[in-house]
Amino acid sequence: MSKPAPPRFPLGLDRVQARGPAARPGADTLLRPQRPLQHMAAEQARQAAPSGLGLDSAAVRAHMVGRLRAGGLRCEPVLQALATVERHRFVDSALVPQAYEDTSLPIGLGQTISKPSVVGWMLALLFDGATARERGHLGRVLEIGTGCGYQAALLLALARSVVSIERLQPLHDKAAGHLAGLRQGSDLRLVFGDGMLGHAPRAPYDSIIAAAGGEQLPAAWLAQLAPGGRLVAPVQRAAGQRLVVVDHTPGGLVSQELEAVQFVPLKSGTA
Ligand code: SAH
């Protein structure tokens, strides 16, 4: 009996993209292996995950993680979270074929989900904060800019508790839907509100991460950063946005400015 060829990953991704939008590949195009593997994989997937997507997308994610590792990301807990959380479930169905590419993607209302390498880099920076290094997890986390909820799902895998704030009601609602299945048994609070004010009821936080950049770091974030805690956020400078890391050390707040980044603007109020 001839053995089927092993699957190549990412599964037809290049071909899917090369065909362009006219071909309108659906989710299945990317995530289903080519025949004759299709039946075998589909059966395994049925056993592995009720959705039928679990097995195949796990392989595509493993490939993505391999690329991120090769690109220099070395934080094992973050790599593991990236290998586990199903990014394709957080984007619109038309974008599923690109879900495991290293690209940012639109999530509606002019907002974007950052590319996996940037998300991984920011989470690894958080992991390098004093409290996280000591405890091996991110502790109590405040996320500003829930967006589609993808990064919140990663944070849930890495932290003890997560408060995530979004100022746009439709995105807050969408994220709540995306995260519904992951919330059971986990300490996740999704807040609809202005993240520039932080979230005082649960402060202080060991880790604060923002996915939107303003001209300054809001005072509330700095006030709500626990001793030993670390904040990672983009800040708008004259020459463009830069990623900023602030540590709450025994000697006070110590800030470092890192590479140039491109995030959506941090806006006040809700809509
Ligand atoms: N981490 C998100 C990325 C979302 S993009 C994800 O994984 O999808 C950044 C988000 O920040 C946008 O949804 C935007 O609406 C939100 N945002 C901008 N200013 C904000 C503010 N002051 N408070 C809360 N959210 C804000």
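Since this is a predicted model, take the numbers as computed values, not measurements.

**Student:** Teacher, can you tell me more about the overall build of the chain here?
**Tutor:** For the chain, the count of helices and strands is 10 helices and 11 strands. Split by element, the accessible area of the chain, about 13000 Å² in all, is 54% carbon and sulfur.

**Student:** How do you make sense of the site of the ligand when you look at a structure like this?
**Tutor:** Around the ligand, 26 residues are found, and the nearest of them are Thr112, Glu166, Asp194, Gly195 and Lys267. In the environment of the ligand, a nitrogen atom lies 3.4 Å from a nitrogen or oxygen atom belonging to the side chain of glutamate 143. The separation between a nitrogen atom of the ligand and a polar main-chain atom of lysine 267 is 2.6 Å. Secondary-structure elements contributing two or more residues to the shell around the ligand are strand E2 (111-113), strand E3 (140-144), helix H8 (150-158), strand E4 (161-166) and strand E11 (264-265).

**Student:** Would you mind going over the packing of helix H6 (residues 116-127) against H8 with me for this structure?
**Tutor:** Following both chains from N to C, one finds H6 and H8 inclined at 30°, their axes separated by 12 Å at the closest point. Relative to H8, the element H6 lies roughly parallel. Where H6 crosses over H8, the handedness of that crossing is right-handed. Along the contact surface, H6 presents Val119, Leu123, Leu126 and Phe127, while H8 presents Gln151, Leu154, Leu155 and Leu158. Here the contact of H6 with H8 is built from residues that sort into 7 nonpolar, 1 polar and no charged.

Rules of the game
- Residues numbered from 1 in each chain as written.
- Predicted model: local features only at pLDDT ≥ 70, side-chain atom pairs only at ≥ 80, totals over all residues.
- Heavy atoms only, no water.
- Helix = DSSP H or I, 4+ residues; strand = E, 2+ residues; numbered from the N terminus.
- Areas by Shrake-Rupley, 256 points an atom, 1.4 Å probe, with all protein chains shown as cover.
- Near = heavy atom within 4 Å.
- Polar contact = N/O pair within 3.5 Å; in protein donor to acceptor, adjacent residues only side chain to side chain.
- Axes fitted to C-alpha atoms, helices over the stretch in contact; angles between N-to-C directions.
- Parallel < 35°, antiparallel > 145°, perpendicular 65-115°, else oblique.
- Left-handed = near helix turned anticlockwise from the far one by under 90°.
- Contact = heavy atoms within 4.5 Å.
- Nonpolar A, V, L, I, M, F, W, Y, C, P; charged D, E, K, R; others polar.

Remember that the coordinates give geometry; whether it matters functionally is a separate question.
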